[in-house]
Amino acid sequence: MKRIFFIIALTLIVTGCGHKAEPVTIHRFEQLLFANQGNAADFNSPLINYLPDNPEFMAMVADFVGDPVVHRIYTVTDSLYHDLSWLEQDLGDAMSRAHSICPEIDYHRFYTLVTADFGNYANRVFCYGNDMAIAIDCYTLGEVAEMQMFGVPTYIMNLCRREYITSDCMAAAARSHIELPDDDLTFLDCAIAEGKVLCFLDQVLPSTPDTIKIRYTADQLAWMEENVENVWGWIIQNDVLYSSDRSHLRNLIDDAPKTNAFGEGSAPRTAAYIGWQIVRRYMKKSGVTMEELFKETDSKKILNESGWRP
């Protein structure tokens with residue numbers, strides 16, 4: 001229970017940077033905890049549940065960092081990511097572009113941390129206010145063979161690599177600023193929301209391959225490009241477009257090795273790809289700004305005004 005409590009506490013951690021096109025500063029919470037490197041004052045925030053003057057809390061910290069498995073995860077992580085100057089530069093550049101097209105996106109504080117909680121992969125990057133935290137240990141899963149011991153599915157491990165970190169951070173920033181409909185989300189709502197994220201990445205990461213932004217292999221992207229007409233036809237014929245049945249939509253929305261309805265070799269995250277094409281066309285035809293796009297919650301309007309069909 002102590003370990004679980006500490007991991008929950010860590011999920012409130014956040015970090016800092018401005019919007020100038022210069023390297024941001026990433027504060028390394030895991031190095032402070034495991035190697036006593038860093039200044040505790042850098043983590044003095046009401047959003048950080050770090051209580052160095054609380055004996056009970058610090059006892060939980062000691063249990064966490066003293067766990068041999070957790071300590072090994074930190075060692076592996078630090079060997080790969082001890083120096084994150086490249087990420088500070090990449091995030092500085094991307095955040096500058098983001099702020100110029102959507103001034104509300106203005107992250108001030110960035111942290112990395114080790115959670116040893118790989119089951120919570122979906123929250124590997126999380127935002128609160130103007131702060132962002134990166135569970136940097138997640139990005140060892142696809143880099144170090146030893147990390148296979150944790151039983152994470154191969155398709156997830158393949159997405160947990162260094163080249164995805166910047167894109168994942170910027171995607172998290174976008175999602176935290178996209179307004180969603182009040183009603184239960186339909187397939188179209190989810191597709192449009194992810195399409196907004198991907199169009200945002202088009203602008204803030206202009207040199208990043210589409211495969212990284214949408215988290216596809218080259219073969220998966222090629223499959224989707226070749227089969228998008230059939231995929232769209234299946235969505236329409238099976239009344240999926242306006243369905244809000246999450247149990248039926250999950251495999252069309254979430255990370256997966258394939259889309260079950262389309263068989264082996266198919267691409268996953270069908271909603272994201274479809275939404276990307278719709279929103280790209282909508283932005284081109286309407287001339288809306290990124291801020292306006294993020295605030296528009298009428299997915300049907302975006303689809304209809306885009307005129308997109310494969």
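Definitions and cut-offs
Residues numbered from 1 in each chain as written. Predicted model: local features only at pLDDT ≥ 70, side-chain atom pairs only at ≥ 80, totals over all residues. Heavy atoms only, no water. Helix = DSSP H or I, 4+ residues; strand = E, 2+ residues; numbered from the N terminus. Rg over C-alpha atoms; globule rule 2.2 N^0.38 Å. Buried < 20%, exposed > 50% of the residue type's maximum accessible area, 1.4 Å probe, protein only. Contact = heavy atoms within 4.5 Å. Lys, Arg positive; Asp, Glu negative; His and termini not counted. Charge placed at Lys NZ, Arg CZ, Asp CG, Glu CD. Phe/Tyr/Trp six-rings, centres within 6.5 Å; stacked < 30°, edge-to-face > 60°. Lys NZ or Arg CZ within 6 Å of the ring centre and 35° of its normal. Expected span 1.5 Å × (residues − 1). Polar contact = N/O pair within 3.5 Å; in protein donor to acceptor, adjacent residues only side chain to side chain. Core = buried A, V, L, I, M, F, W, Y, C linked by side-chain atoms within 4.5 Å. Salt bridge = Lys/Arg side-chain N within 4 Å of Asp/Glu carboxyl O. Pairing = 2+ DSSP bridges. Axes fitted to C-alpha atoms, helices over the stretch in contact; angles between N-to-C directions.

### A look at the overall build of the chain
When its secondary structure is counted, the chain shows 14 helices and four strands. In terms of C-alpha radius of gyration, the chain reaches 20 Å, essentially the compact-globule figure of 19 Å for 310 residues. Taken over the C-alpha atoms alone, the chain extends approximately 60 × 40 × 35 Å along its principal axes. Expressed as a percentage of the 310 residues in the chain, the buried residues total 52%. In the chain, once contacts between residues fewer than 6 apart in sequence are set aside, the share between residues at least 24 apart is 69%. Averaged over its 26 positive side-chain charges, the chain has a centre that lies 4 Å from the centre of its 43 negative ones.

### What to know about the packing of aromatic side chains
Two measures describe an aromatic ring pair: the distance that separates the ring centres and the angle between the ring planes. On inspection of all chains with the given rule, the structure shows eight aromatic pairs. With a centroid separation of 5.1 Å and an interplanar angle of 65°, the aromatic rings of Phe 118 and Phe 150 are classed as edge-to-face. Taken together, the positions of Phe 118 in the loop between strand E2 (109-113) and strand E3 (125-128) and Phe 150 in the loop between strand E4 (131-135) and helix H6 (154-157) put the pair 32 residues apart, joining distant regions of the chain. What makes Phe 150 partly exposed here is its relative accessible area of 28%. Sitting over the ring of Trp 86, Arg 162 keeps its end group 3.9 Å from the ring centre.

### Section: helix H10 (residues 218-237)
With 20 residues, H10 ought to run about 28 Å at 1.5 Å a step, and its terminal C-alpha atoms sit 28 Å apart, in line with that. Looking at the buried side of H10, the elements it contacts are helix H8 (187-204), helix H9 (210-214), helix H12 (270-286) and helix H14 (299-306). Asp 239 sits one or two residues past H10 and shows a positive phi near 55°.

### Comments concerning the environment of Lys 196
Looking at the element boundaries, Lys 196 is found in helix H8. Residue classification places Lys 196 among the buried residues on the basis of a relative accessible area of 3%. Spatially, the C-alpha atom of Lys 196 lies 39 Å from that of Val 65, the residues being 131 residues apart in sequence. With residues near it in sequence (within four places) discarded, Lys 196 still touches Ile 178, Glu 179, Val 279, Leu 293, Phe 294, Glu 296 and Ile 302. At a separation of 2.5 Å, a polar atom in the side chain of Lys 196 contacts the main-chain carbonyl oxygen of Glu 296.

### Topic: the nonpolar core
Counting residues in each nonpolar core, the largest one holds 102 residues, and the members touching the most others are Ile 105, Met 170, Phe 187, Phe 200 and Leu 201. Among all residues touching Ile 105, those that are not within four sequence positions of it are Met 95, Ala 98, His 99, Ala 173, His 177, Phe 200 and Phe 294.

### Some points on the pattern of salt bridges
Taken as a whole, this structure holds 18 salt bridges when the rule is applied. The salt bridge involving Glu 194 is made with Arg 175; its shortest N-O contact spans 2.9 Å. Note that Glu 194 is positioned in helix H8 and Arg 175 in helix H7 (residues 165-175), a separation of 19 residues in sequence. Since its relative accessible area comes to 17%, Glu 194 is described here as buried. One salt bridge in this structure joins Asp 210 and Arg 280, with 3.7 Å as the shortest N-O distance. One end of the pair, Asp 210, is in helix H9; the other, Arg 280, is in helix H12, and 70 residues separate them in sequence.

### Digging into the sheet that holds strand E1 (residues 26-28)
Two modes of strand pairing occur in sheets, parallel and antiparallel, and in both the strands are linked by backbone hydrogen bonds. Across the sheet, four strands lie side by side as E1-E2-E4-E3; this open sheet has mixed pairing. In this open sheet, the two edge strands, each paired with only one partner strand, are E1 and E3. Direction aside, the axes of adjacent strands within the sheet are offset by 25° on average. As judged from the three bridges shared by E1 and E2, these two strands associate in the parallel manner. Residue pairing across strands places Arg 28 opposite Thr 112, the latter belonging to E2. Against the sheet, helix H5 (residues 85-101) makes contact with E1, E2 and E4, and its axis sits at roughly 140° relative to E1, the strand it touches most. Against the sheet, H7 contacts E3 and E4, and its axis sits at roughly 35° relative to E3.

### Let's talk about unusual backbone geometry
In this structure, Arg 215 takes a positive phi of about 60° despite not being glycine. When you line up the elements, Arg 215 lands in the loop between H9 and H10. Despite not being glycine, Asp 239 has its phi angle at roughly 55°, a positive value. Along the polypeptide, Asp 239 turns up in the loop between H10 and helix H11 (246-253).

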